[in-house]
Amino acid sequence: MIFKGLEVSVTGMAAQRIRIDIASSNLANVNSTRAENGQPYRRKVPVFQAILDKESELPVYQVRVARIDPDPTPYKMKYDPKHPDAGPDGYVRLPNVDPLREMVDMMSAIRTYEANLTAFNTHKDMLLKSLELIKV
């Protein structure tokens, strides 16, 4: 029970790291008009899940990424008849990635990661101070 606060912070940091990785991948593929399946890249979105620790006396929740879903919003269309991926109408389907949205998501994930790190360090410091009191 004494280390549950550390576990909660660690799971939060791990989830936010995945969120940062996904936003980075989305940004890296903002112009990818042909992915492995022959379609334009589709933005990915992490889906989080809260996990209740049933062994704990108090309700303690941890978080994890349950899955990574494709964003169902439609592709962007751009008229460029000379592009190799242009359709017969001259339009190219571009990924449904908005760089501004990805940057905001990434900044939010970084701030949340930092908050979890601060909580982890505070809890760790409290445990160390408690050990010092016991030694005396």
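Details of the structure are given in the entry above.
These remarks concern the structure in this document. Sequence positions are assigned chain by chain, starting from 1 and proceeding in written order. The model is predicted, so local features are restricted to residues of pLDDT at least 70 and side-chain atom pairs to those at 80 or more, both for listing and for counting; the totals for chains, interfaces and linings are taken over all residues. With hydrogens and water stripped out, all remaining heavy atoms of the structure feed into the side-chain values.

Details of the overall build of the protein chain
We count it as follows: Secondary structure is summarised from DSSP: a helix means a run of H or I of at least four residues, a strand means a run of E of at least two, and numbering begins at the N terminus for each. Computation of the radius of gyration draws on C-alpha atoms, with the globule rule given as 2.2 Å multiplied by the number of residues to the power 0.38. Think of it in three bands: with a 1.4 Å probe and only protein chains considered, a residue is buried below 20% of the maximum accessible area for its type, exposed above 50%, and partly exposed in between. Contacts between residues were defined by any pair of non-hydrogen atoms, one from each residue, lying within 4.5 Å. For every accessible area listed, the method is Shrake-Rupley and the probe measures 1.4 Å; residues are considered covered only by the protein chains on display. Asp and Glu count as negative and Lys and Arg as positive, but His and the ends of the chain are not part of the count. A charged residue contributes its charge at one atom only: NZ of Lys, CZ of Arg, CG of Asp or CD of Glu.
Scanning the protein chain from N- to C-terminus turns up two helices and four strands. Ordered by position in the sequence, the α and β elements of the protein chain form the string α-β-β-β-β-α. Relative to a compact globule of 136 residues, whose C-alpha radius of gyration would be 14 Å, the protein chain shows 22 Å and is clearly more extended. Summarising its shape, the C-alpha atoms of the protein chain cover approximately 80 × 25 × 20 Å along the three principal directions. A total of 136 residues make up the protein chain; the buried ones form 27% of that total. Counting only contacts in the protein chain whose residues sit at least 6 apart along the sequence, the fraction spanning at least 24 positions is 58%. Carbon and sulfur atoms form 60% of the exposed surface of the protein chain, whose accessible area is close to 9300 Å². Each charge class in the protein chain can be summarised by its mean position, and for the 19 positive and 17 negative side chains these summaries are 3 Å apart.

Thoughts on helix α2 (residues 99-135)
Heads up, the condition is: Each helix should span, by expectation, one fewer than its residue count multiplied by 1.5 Å.
Its 37 residues give α2 an end-to-end C-alpha distance of 54 Å, which sits within 8% of 54 Å, the value for a rise of 1.5 Å per residue. The set of residues buried in α2 consists of E102, M106, A109, N116, H123 and L127. Residues of α2 that are buried in the fold lie against α1 (4-28).

Structural notes on the pattern of salt bridges
For the record, the criterion: Salt bridge criterion: a side-chain nitrogen from Lys or Arg within 4 Å of a carboxyl oxygen from Asp or Glu.
Throughout the structure, instances matching the rule amount to eight salt bridges. The partner of D85 in a salt bridge is R34, with the nearest N and O atoms 2.1 Å apart. One end of the pair, D85, is in the loop between β3 (76-79) and β4 (91-94); the other, R34, is in the loop between α1 and β1 (44-52), with 51 residues separating them in the sequence. Residue R34 is classed as exposed on the basis of its relative accessible area of 52%. Where R43 meets E102, a salt bridge forms, and the shortest distance between an N and an O atom there is 2.4 Å. Placement of R43 in the loop between α1 and β1 and of E102 in helix α2 is noted, with a sequence separation of 59 residues between them. With respect to burial, R43 and E102 carry one shared label: buried. Members of the salt-bridge network, linked through shared partners, are R43, D71, E102 and D105.

Here's the deal with the side chain of Q16
Inspection of the secondary structure assignment puts Q16 in helix α1. Contact partners of Q16, with chain neighbours within four places excluded, come to F48, A109, T112 and Y113.

What about the side chain of E102?
Looking at E102, the relative accessible area reads 1%, which means it is buried. In this structure E102 touches A23, N26, L27, R43 and V97, once residues within four positions along its chain are discounted.

Thoughts on a nonpolar patch on the surface
Filter applied, for reference: Patch rule: a residue counts if its relative accessible area is over 30% and it has no salt bridge; like charges are joined within 9 Å, and nonpolar side chains (Val, Leu, Ile, Met, Phe, Trp, Tyr) within 5 Å.
A grouping of M77, Y79 and Y91 is seen on the molecular surface, where their side chains present a nonpolar patch of about 340 Å² in accessible area. You can see Y91 is positioned in strand β4.

Concerning the packing of aromatic side chains
The condition is simple: Between 30 and 60 degrees the pair is tilted, below 30 it is stacked and above 60 it is edge-to-face, where a pair is any two Phe, Tyr or Trp rings, Trp via its six-membered ring, whose centres lie within 6.5 Å. Look at NZ for Lys and CZ for Arg. If either is within 6 Å of the ring centre and within 35 degrees of the ring normal, a charge sits over the ring.
Evaluated as defined, the whole model comprises one aromatic pair. Relative to Y91, the ring of Y79 lies with its centre 5.3 Å away and its plane at 65°, an arrangement referred to as edge-to-face. Here Y91 lies in strand β4 and Y79 lies in strand β3, a separation of twelve residues in the sequence. Judged by its relative accessible area of 52%, Y79 falls in the exposed class. The exposure class assigned to Y91 is partly exposed, which follows from its relative accessible area of 36%. The side chain of R42 reaches across the aromatic face of Y75, ending 4.3 Å from its centre.

Brief notes about the environment of P74
If you trace the backbone, P74 turns up in the loop between β2 (61-70) and β3. When its relative accessible area of 66% is taken as the criterion, P74 is described as exposed. Sequence spacing of P74 and L133 is 59 residues, and the spatial spacing of their C-alpha atoms is 60 Å.

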